[in-house]
Amino acid sequence: MPTYQWRKSSYSADASNCVNVAAANGVIAMRESDDPDVVLTTTPAALRAFIRGAKDGDFDRIQEG
C-alpha cells in the first residue's frame with residue numbers, strides 16, 4: 001500500500017470521527033478516523049460522479065431490499 005498524506009476537513013476541528021482523504025498515483029483513498037486500518041480506494045472520476053449524484057439527490061431514495 002502506498003504511503004498516503006492523509007487530510008481531513010478543517011471543519012472537523014479535533015473531532016475523532018472524521019473521514020480522511022488522500023491522493024497518490026491517480027488513486028483517491030478514504031478512511032474513517034475511528035478505524036484507520038480500513039481504506040477505501042477509488043478513481044477521481046468515480047468519486048466525482050458519486051459526489052455529483054449525491055448533490056443531485058440520486059441516492060435520496062435508496063432502500064434496503
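From a predicted model like this one, the values you see are computed outputs, not experimental measurements.

Colleague: Account for the confidence of the model for the protein chain, naming residues and giving values.
Modeller: Looking at the protein chain as a whole, its pLDDT mean stands at 88, while 94% of the residues score no less than 70. Highest mean pLDDT in the protein chain belongs to helix α1 (residues 44–56) (95); lowest belongs to strand β1 (residues 7–8) (88).

Colleague: Run through the environment of G57, naming residues and quoting values.
Modeller: Position of G57 relative to the elements: it lies in the segment after α1. Classification of G57 as partly exposed rests on a relative accessible area of 23%. On a C-alpha basis, the gap between G57 and M30 in space is 22 Å, while along the polypeptide they are 27 residues apart.

Colleague: If you had to explain the side chain of N20 to someone new, which residues and values would you point to?
Modeller: Looking at where N20 falls in the secondary structure, it is placed in strand β2 (residues 19–24). In this view, N20 contacts W6, R7, K8, A29, M30, R31 and S33; residues no more than four positions away in its chain are not counted.

Colleague: I'd love a proper account of the packing of aromatic side chains, names of residues and values included.
Modeller: As enumerated under the stated definition, the model contains two aromatic pairs in all. Between the aromatic rings of F50 and F59, the centroid separation amounts to 5.2 Å while the plane-to-plane angle is 25 degrees, which identifies the pairing as stacked. On the basis of relative accessibility, which here comes to 36%, the residue F59 falls in the partly exposed class.

Colleague: Tell me about the sheet that holds β1, and name the residues and values.
Modeller: Taken together, the four strands give an open sheet; going across it, the order is β1-β2-β3-β4, and neighbouring strands pair in antiparallel fashion. Two strands lie at the open edges of the sheet, namely β1 and β4 (35–42), each paired on one side alone. Sheet topology places strand β3 (residues 27–32) next to β4; five bridges connect them, and they run antiparallel. Bridge pairing in β4 links R31 to V39.

Colleague: Could you give an account of the pairing of β3, with specific residues and numbers?
Modeller: Looking at chain direction, β2 and β3 are connected through six bridges and run antiparallel. Within the sheet, the bridge partner assigned to A24 lies in β3 and is V27. In textbook terms, the turn of a hairpin is the stretch between consecutive antiparallel strands, and for β2 and β3 this stretch comprises two residues, one of which, N25, has a positive phi near 55 degrees.

Colleague: So what's going on with α1? Residues and values would help.
Modeller: The terminal C-alpha atoms of α1, which comprises 13 residues, lie 18 Å apart, in line with the 18 Å expected from a rise of 1.5 Å per residue. Immediately beyond the C-terminal end of α1, within one or two residues, lies G57, with a positive phi of roughly 85 degrees.

Basis of the calculations
- Residues numbered from 1 in each chain as written.
- Predicted model: local features only at pLDDT ≥ 70, side-chain atom pairs only at ≥ 80, totals over all residues.
- Heavy atoms only, no water.
- pLDDT = per-residue confidence, 0-100.
- Helix = DSSP H or I, 4+ residues; strand = E, 2+ residues; numbered from the N terminus.
- Buried < 20%, exposed > 50% of the residue type's maximum accessible area, 1.4 Å probe, protein only.
- Contact = heavy atoms within 4.5 Å.
- Phe/Tyr/Trp six-rings, centres within 6.5 Å; stacked < 30°, edge-to-face > 60°.
- Pairing = 2+ DSSP bridges.
- Expected span 1.5 Å × (residues − 1).

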